[in-house]
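Working through the structure, step by step
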Amino acid sequence: MVRNLLALDLGPTTRALTRAAAQVSVRSGSEIVIAHALTERDFRSAESECLSAARQIQEEGGRVSQTLIIRISPAEHLILTSASELDATLVVMGWGRGQRLGSTARGVLRAAPSSLLLVGEEFASPLEPESFERVSIQDLPPLARLASAARQLALVPPAGGLLVELDPAPSR
């Protein structure tokens, strides 16, 4: 079974990320595993919000794993570790605020084990190939990955997304 990871920050991008993950699941038939890195939040509150996101994905026709990954961990480490452990094909996550890469997105981009779908707070587009920008980071060193993604992100409208591909394979 193909698994994709949805990295939730439980902030302003949660709805947009949930919508994007549901569309990825519906289009690819993949299962979505939800991950959240706890900081100072209450575990029960984080669990409740992650379960709410899972229900939203199911309501939109997507498949969600029964497994939730909620750990006290820096977000970047949790995302990279979870994506590797799950052998995730794609990680759906926010890019940061505005049109700039946030610190978590930058950290994940430097060492991503799989392709990334970066979306902003206003993501509303149907997940069609023409609705997001693409950039390949295959064989690029970490800093070149960041520079390439940042250049392409400048072209993405607030309601769009950026597919950062590790390989030139067609989108999933």
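Rules behind the numbers
- Residues numbered from 1 in each chain as written.
- Predicted model: local features only at pLDDT ≥ 70, side-chain atom pairs only at ≥ 80, totals over all residues.
- Heavy atoms only, no water.
- Helix = DSSP H or I, 4+ residues; strand = E, 2+ residues; numbered from the N terminus.
- Buried < 20%, exposed > 50% of the residue type's maximum accessible area, 1.4 Å probe, protein only.
- Contact = heavy atoms within 4.5 Å.
- Polar contact = N/O pair within 3.5 Å; in protein donor to acceptor, adjacent residues only side chain to side chain.
- Salt bridge = Lys/Arg side-chain N within 4 Å of Asp/Glu carboxyl O.

A few words now on unusual backbone geometry. The phi dihedral of leucine 10 falls on the positive side, at around 55°, and the residue is not glycine. The residue leucine 10 is located in the loop between strand 1 (3-7) and helix 1 (14-28) in this model. Owing to a relative accessible area of 8%, leucine 10 belongs among the buried residues under this scheme. One non-glycine residue, aspartate 139, lies in the positive phi region at around 65°.

So, on to the environment of serine 136. Assignment of secondary structure puts serine 136 in strand 6 (residues 132-136). Classification of serine 136 by relative accessible area gives partly exposed; the value is 38%. With sequence-adjacent residues up to four places away left out, serine 136 is seen in contact with Ser148 and Glu165. A polar contact of 3.4 Å, which involves the side chain of serine 136, links it to the backbone nitrogen of glutamine 138.

What the rule picks out here adds up to 4 salt bridges. One salt bridge connects arginine 3 with glutamate 31, and the closest N-O pair in it is separated by 2.9 Å. Residue arginine 3 is found in strand 1, and its partner glutamate 31 is found in strand 2 (residues 31-38); the two are separated by 28 residues along the sequence. The partner of glutamate 85 in a salt bridge is arginine 71, with the nearest N and O atoms 3.7 Å apart. Of the two residues, glutamate 85 sits in helix 3 (residues 75-86) while arginine 71 sits in strand 3 (residues 63-72), which places them 14 residues apart along the sequence. Taking the relative accessible area as the measure of exposure, glutamate 85 reaches 56% and is therefore exposed.

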